[in-house]
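Residue-level structural notes
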Amino acid sequence: FHNWTGNRVTCRDWFQLTLKEGLTVFRDQQFSADMTSEAVKRVDDVRILRAAQFPQDNGPMAHPIRPESYIAMDNFYTATVYNKGAEVIGMYQTLLGKDGFRKGLDLYFERHDGTAVTCDEFRAAMADSSGRDLAQFERWYTQAGTPTVKATSLYDAGAKKLTVTLEQSCGPSPNQADKAPYLIPVRAGLLGKDGKELIKETVLELNQAKQDFVLEGVTEEPVLSLLRGFSAPVKLEIERSEEELAFLMANDSDPFNKWEAGQMLFQRTLLANTKASQEGKDMAVSDLLVKAVGAILADTTADPSLRAVSLGLPSLATLGEAVETIDPDALVAALKFTKSAIAAALRPEFEAAYAAATLPATPFRNDAEAVGKRRIKNTCLDFLSSLKDAETIQMCLDQALTAGSMTDRVAATAQLAGSADDAARTTALDDFYEKHAKGNDLILCKYFTMQAMADTDDALAKADKLLTHPDFSMKNPNKCRSLIGAFAGNTRHFHAKDGSGYAWLGDRILEIDTFNPQLAARMTTMFSTFRRYDTHRQTLIKAQLERLVATQGFSKDSLEIATRSLRG
């Protein structure tokens, strides 16, 4: 992929990096979707975007996909340039259609093969080949931040029409207080009471701050399905009842929005339980949510990969974007309770689905059906493991020791890495190391990560001890990411109230910066969103950033990240 869209036509200067990297990531995503499950691939891509790029857009490191300035170019190999850049390319395809997009791509190669160009040349090829005016679309290249689209609708039964009102906004970013309206393609469908489409799916092109769209020939009051396929990298705000979300989860013909409705159901419960945890009240899970999860488990005719991702709870990073102030302890408590409550309510169903998806250890299969079965099996194992009883611990241990695929062994061993059963934990980790990780750097990274991410009371001590493991090297960037970077993603322990996790990362950054400034800078970004946390944690993280900045000889790569983080 990179040969054509990264090398044969490349960027004139580093400010244009997204020209080749965004397009190449997009093409890679499209190929992977064609080769596997298009729906699951789309969900995976959006999960990554929301977990890695949305927080970047919402913090001091926010920058357009085509940045205006930099101190160290290494600092712009970011999720914004790559992943959001790919989403911008995808919007061309949504606006122009697949044939129109291909026509524009052909013209781009015809004009510029063997040359170095800018993002403007790519946009010009798309505009010239389609006859579209895409001048407003340039704002996706020049403005930072994640736009919010608020949607309301009004149904006129007599006229058989639905008026959809869309309103867009985008908050301030560093050096960008005000944003002009974007051109946002919003794929839309309407569902009737029977779950069938009432009209042909359409694309609503939102190009003003507020805009009305009138859809004709709507024979009954519909359920609105918006932003299908995640047609733009925005946050959608629309009022939904739990019953409406459950309806979309069961009936939406768009696989992404079917998944999204489930995620919103999960998120409402998780945020309510987060608040309950903060207030010292009892947490709860509704019968409606349990019923919805049960329906997914019972639907054996559906794509098992899609069933697996539909059962996955929103990540802590995604939940963090949905609250004003992140409370790591409350979020983790809510996630644990919700998962275990669902598992307890549906234990027989999870066990049955796990058994039905279990394949013989040999021969190993890597076809789509086998991949899907491993996904649903390990999703069920994740829920069942939250019960933390002897039976589920043994289930994990049996899989960790006898599974016929690395996917299954990693999934089970990772569950046991956080187990309070020291014997089972040690047995699984030792077996994994001796049989698979020892002498294999790629698998060693898995071995380090599953321990760094484990939710054990002595998580930091275990991570610190792994620094002296004979197979760990600070000079190996991948191993640093797999251990140090992974621990920074261990929400409960990295954000410990005593600041020990922050101090530990600060020590590692200072050490790494002396021989690998680029890696140290990447790790410094883990402090960049500190203003999203409570005042106490803000003070602790800020102290680490000030410590880094005050260190003599601190590299320009890392200094740029630390100073921008402090500046806000």
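Below is a summary of the structure that appears in this document. If you're wondering where the values come from, they're calculated on a predicted model, not measured in any experiment.

The rules behind these values
Residues numbered from 1 in each chain as written. Predicted model: local features only at pLDDT ≥ 70, side-chain atom pairs only at ≥ 80, totals over all residues. Heavy atoms only, no water. Buried < 20%, exposed > 50% of the residue type's maximum accessible area, 1.4 Å probe, protein only. Helix = DSSP H or I, 4+ residues; strand = E, 2+ residues; numbered from the N terminus. Pairing = 2+ DSSP bridges. Expected span 1.5 Å × (residues − 1). Contact = heavy atoms within 4.5 Å. Polar contact = N/O pair within 3.5 Å; in protein donor to acceptor, adjacent residues only side chain to side chain. Axes fitted to C-alpha atoms, helices over the stretch in contact; angles between N-to-C directions. Phe/Tyr/Trp six-rings, centres within 6.5 Å; stacked < 30°, edge-to-face > 60°. Lys NZ or Arg CZ within 6 Å of the ring centre and 35° of its normal.

**Some remarks on the pairing of strand β7 (residues 210-216)**
With burial as the criterion, only one face of β7 is covered, namely that bearing Gln-211, Phe-213 and Leu-215; the residues Lys-210, Asp-212, Val-214 and Glu-216 on the opposite face remain uncovered. In the sheet, strand β4 (residues 161-169) pairs with β7 via 7 bridges, with the strands oriented antiparallel. Residue pairing for β7: Thr-163 is matched across the bridge by Val-214.

**Here's the deal with helix α16 (residues 406-417)**
Counted at 1.5 Å a residue, the expected span for α16 with its 12 residues is 16 Å, and the 16 Å between its end C-alpha atoms agrees. Along α16, the residues classified as buried are Asp-408, Arg-409, Val-410, Ala-412, Thr-413, Leu-416 and Ala-417. Of the surrounding secondary structure, the elements contacted by the buried residues of α16 are α14 (368-385), α15 (390-402), α17 (422-437) and α18 (441-452).

**Some remarks on the side chain of Gln-56**
Secondary-structure assignment places Gln-56 in helix α3 (residues 38-57). For Gln-56, a relative accessible area of 19% corresponds to the buried category. Polar contacts involving the side chain of Gln-56 include one to the side chain of Thr-80, which spans 2.5 Å. When residues no more than four places from it in sequence are discounted, the contact partners of Gln-56 are Met-61, Ala-62, His-63, Thr-78, Ala-79 and Thr-80.

**So, the sheet that holds strand β8 (residues 223-226)**
Sheets are built from strands paired through backbone hydrogen bonds, the pairs being either parallel or antiparallel. In spatial order, the strands read β6-β5-β8; together these 3 strands make up an open sheet with antiparallel pairing. With partners counted over all chains shown, the strands left at the sheet margins are β6 (202-206) and β8, one partner each. Direction aside, the axes of adjacent strands within the sheet are offset by 35 degrees on average. Strands β5 (184-191) and β8 of the sheet are contacted by helix α7 (residues 242-251), whose axis makes an angle of about 65 degrees with β8.

**Description of the packing of aromatic side chains**
One pass over the structure, following the stated rule, counts 19 aromatic pairs. With centroids separated by 6.4 Å and ring planes inclined at 75 degrees, the aromatic side chains of Tyr-502 and Phe-527 adopt a geometry described as edge-to-face. Residue Tyr-502 is found in helix α22 (residues 500-513), and its partner Phe-527 is found in the loop between α23 (517-524) and α24 (535-549); the two are separated by 25 residues along the sequence. Given the relative accessible area of 0%, Tyr-502 is considered buried. Put simply, the rings of Tyr-92, Tyr-108, Phe-109, Phe-122 and Phe-137 touch in pairs and so form one group of aromatic residues. Sitting above the plane of the Phe-515 ring, Lys-475 keeps its charged end 5.0 Å from the centroid.

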